[in-house]
Amino acid sequence: MARFTDQVALVVGGAQGIGKAIGVQLGREGARVVIADMDCPMMEATVREMCAAGSDARPVPCDVRDSAQVRAMVKQVIDWYGRIDVLMYVAGIAPSVPFMDITEETWDNTVDTNLRGAFLVSKAVTPHMVARKRGKLVFMASTNCWDAEASLGHYNVSKAGVFLLAKTLARELGPHGINSNALGPGFIKTRLTVPVLNDPEFMKKYDPARGLIPLGRLGTPEDVAGPALFLASEEASYINGVLLFVDGGQLA
Ligand SMILES: NC(=O)c1ccc[n+]([C@@H]2O[C@H](COP(=O)([O-])OP(=O)(O)OC[C@H]3O[C@@H](n4cnc5c(N)ncnc54)[C@H](O)[C@@H]3O)[C@@H](O)[C@H]2O)c1
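The following refers to the structure shown. In every chain, residue numbers begin from 1 and rise along the written sequence. The predicted nature of this model means local features are confined to residues of pLDDT at least 70 and side-chain atom pairs, given and counted, to a pLDDT of 80 or more, with totals for whole chains, interfaces and linings taken over all residues. The basis for every side-chain value is the complete set of non-hydrogen atoms in the structure, without hydrogens or water.

A count of helical and extended segments in the protein chain gives 8 helices and 7 strands. For the protein chain, the C-alpha atoms occupy an extent of roughly 50 × 40 × 35 Å along the three principal directions. In this description, contact between two residues means that some pair of their heavy atoms is separated by no more than 4.5 Å. At a minimum sequence separation of 6, the contacts of the protein chain that also span at least 24 residues come to 72%. Using a 1.4 Å probe, the Shrake-Rupley method yields the accessible areas, and only the shown protein chains count as cover for residues. For the protein chain, the accessible area works out to roughly 11800 Å², and carbon and sulfur atoms hold 56% of it. Each charge class in the protein chain can be summarised by its mean position, and for the 25 positive and 27 negative side chains these summaries are 6 Å apart. Secondary structure elements are taken from DSSP: a helix is a run of H or I of four residues or more, a strand is a run of E of two residues or more, and numbering for both begins at the N terminus. By the counting rule applied here, Lys and Arg register as positive and Asp and Glu as negative, while His and the ends of each chain are not counted. A single reference atom marks each charge: NZ on Lys, CZ on Arg, CG on Asp, CD on Glu.

Okay, structure coming up:
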């Protein structure tokens, strides 16, 4: 299946983890993929891997907390291809800190990366979509935008904001032919979750015997890539403003 032939897809935060799985799958399905990330060695390795597999992929360094870098990154994509058909906003961090210990710096850094970055990137990308009267926006929220997890107040709030940003853009940009949706992954095995994966006390609640996740296993980046591509595809052309949980039924 090549649902994205000749489409230009920008994956922000695509160097590794969920973003990488999305970029790889978009490349397999014919998209010209641009990976933007602040982790340059990992981003370049991912792009090399994708090109070696026959995909069309390019890297652009970008720290989403810096509006000048965001504008330059989007300009680079437009200079290359003249358009952006699909934006996947995946960049995110999730430092675990109890509310009583959180510093302003950790709060700001989390909100700046997860939410303000989504704002800056969509602000830079959407004028190009509006001009063509087409475009797909997919934002990575989380089950945490609904289910408040302890020690992640800053993260929970940022992801709730991402969900509302996706919904707001669905309302404001739908009339311009743009779909805007969010995904809510549950517990996915990536670098982001390594600290808790290595914490036996924390992992007790995810013991399959306790049934927290009805499907009985943690998720993989590929489990999220499929739904992300679905939301960006023509099959989802009448879906706008939804939050699609990808959590094995954890919130069921
Ligand atoms: N792993 C999970 O369980 C899970 C669950 C729900 C939601 N999510 C969300 O999915 C997204 C991807 O998470 P992941 O698990 O793949 O994490 P990851 O750490 O493997 O990947 C995150 C990517 O974002 C990039 N990034 C971070 N800060 C950035 C910045 N300032 N500028 C540019 N790039 C930056 C990183 O370099 C990295 O490549 C995040 O938004 C995360 O909140 C993850």
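With that out of the way, let us pick up the pattern of salt bridges. Side chains carrying opposite charge are able to pair once their charged atoms draw close together. Here, a salt bridge means any Lys or Arg side-chain nitrogen found within 4 Å of an Asp or Glu carboxyl oxygen. Applying the stated criterion across every chain yields a total of 12 salt bridges. E29 is paired through a salt bridge with R3; the nearest N and O atoms lie 2.8 Å apart. Of the two residues, E29 is situated in the loop between helix 1 (17–28) and strand 2 (32–37) and R3 in the segment before strand 1 (8–12); the sequence distance between them amounts to 26 residues. For R3, a relative accessible area of 25% puts it in the partly exposed group. A salt bridge links E49 to K20; the nearest nitrogen and oxygen atoms lie 3.0 Å apart. Separated by 29 residues along the polypeptide, E49 in helix 2 (residues 40–52) and K20 in helix 1 bring together distant segments of the chain. Three or more residues are tied together by salt bridges with common partners; here these are R83, D85, R132 and R134. Throughout, exposure labels follow a simple rule: accessible area from a 1.4 Å probe, protein chains only, divided by the maximum for the residue type, with under 20% read as buried, over 50% as exposed, and the rest as partly exposed.

The subject of this paragraph is the sheet that holds strand 1. What makes two strands pair is DSSP finding at least two bridges between them. In space, the 7 strands of this open sheet follow the order 3-2-1-4-5-6-7, with parallel pairing throughout. Each of the sheet's edge strands pairs with one partner strand only, and the pair in question is strand 3 (56–61) and strand 7 (243–246). In this sheet, neighbouring strand axes are inclined to one another by 20° on average, regardless of whether the strands run parallel or antiparallel. With 4 bridges connecting them, strand 1 and strand 4 (residues 86–89) associate as parallel partners. Pairing of V12 across the sheet is with Y89, part of strand 4. To obtain each axis, a line is fitted to C-alpha atoms, and for helices this fit is confined to the stretch in contact; angles are then taken between N-to-C directions over 0 to 180 degrees. Contacts from helix 1 reach strand 1, strand 2, strand 4, strand 5 (135–140) and strand 6 (178–185), with the element oriented near 170° to strand 1. Along the sheet, helix 5 (residues 153–173) contacts strand 5, strand 6 and strand 7; its crossing angle with strand 5, the most-contacted strand, is approximately 165°.

The next thing to look at is a nonpolar patch on the surface. A contiguous nonpolar patch, built from F99, M100, W107 and V157 and spanning about 490 Å² of accessible area, is present on the exposed surface. Note on placement: W107 falls in helix 4 (residues 104–132). Residue classification places W107 among the partly exposed residues on the basis of a relative accessible area of 30%. Exposure above 30% relative accessible area and the lack of any salt bridge qualify a residue for a patch; like charges then connect within 9 Å, and the nonpolar side chains Val, Leu, Ile, Met, Phe, Trp and Tyr within 5 Å.

Looking now at the packing of aromatic side chains. Stacked, edge-to-face and tilted are the three classes for Phe, Tyr and Trp ring pairs, Trp counted by its six-membered ring, which pair at centre distances within 6.5 Å; planes under 30 degrees apart are stacked, over 60 edge-to-face, the rest tilted. The tally for this structure, following the rule as stated, stands at 4 aromatic pairs. With a centroid separation of 4.7 Å and an interplanar angle of 85°, the aromatic rings of F187 and Y206 are classed as edge-to-face. With F187 in the loop between strand 6 and helix 6 (194–197) and Y206 in the loop between helix 7 (200–203) and helix 8 (221–232), this pair connects stretches of sequence that are 19 residues apart. According to the relative accessible area criterion, F187 is buried, its value standing at 7%. An angle of 35° between the planes, with centres 5.9 Å apart, marks the rings of F202 and Y206 as tilted. Residue classification places F202 among the partly exposed residues on the basis of a relative accessible area of 23%.

On to the nonpolar core, then. Buried Ala, Val, Leu, Ile, Met, Phe, Trp, Tyr and Cys residues that are joined via side-chain atoms within 4.5 Å together make up what is termed a nonpolar core. Core analysis: the largest hydrophobic core is formed by 37 residues, its most contacted members being L10, V12, M73, V121 and F139. For this core, the elements supplying multiple residues, two or more each, are strand 1, strand 2, helix 3 (67–81), strand 4, helix 4, strand 5, helix 5 and strand 6. Here L10 is in contact with V34, A36, M73, V77, I84, V86, L87, M88 and V125, once residues within four sequence places are set aside. Counting 30 residues, the second-largest nonpolar core is a separate cluster that includes F4, A15, I22 and A57.

On to the side chain of T113, then. Mapped onto the fold, T113 is located in helix 4. Contact partners of T113, with chain neighbours within four places excluded, come to V64, R65, Y89, A91, G92, I93 and A118.

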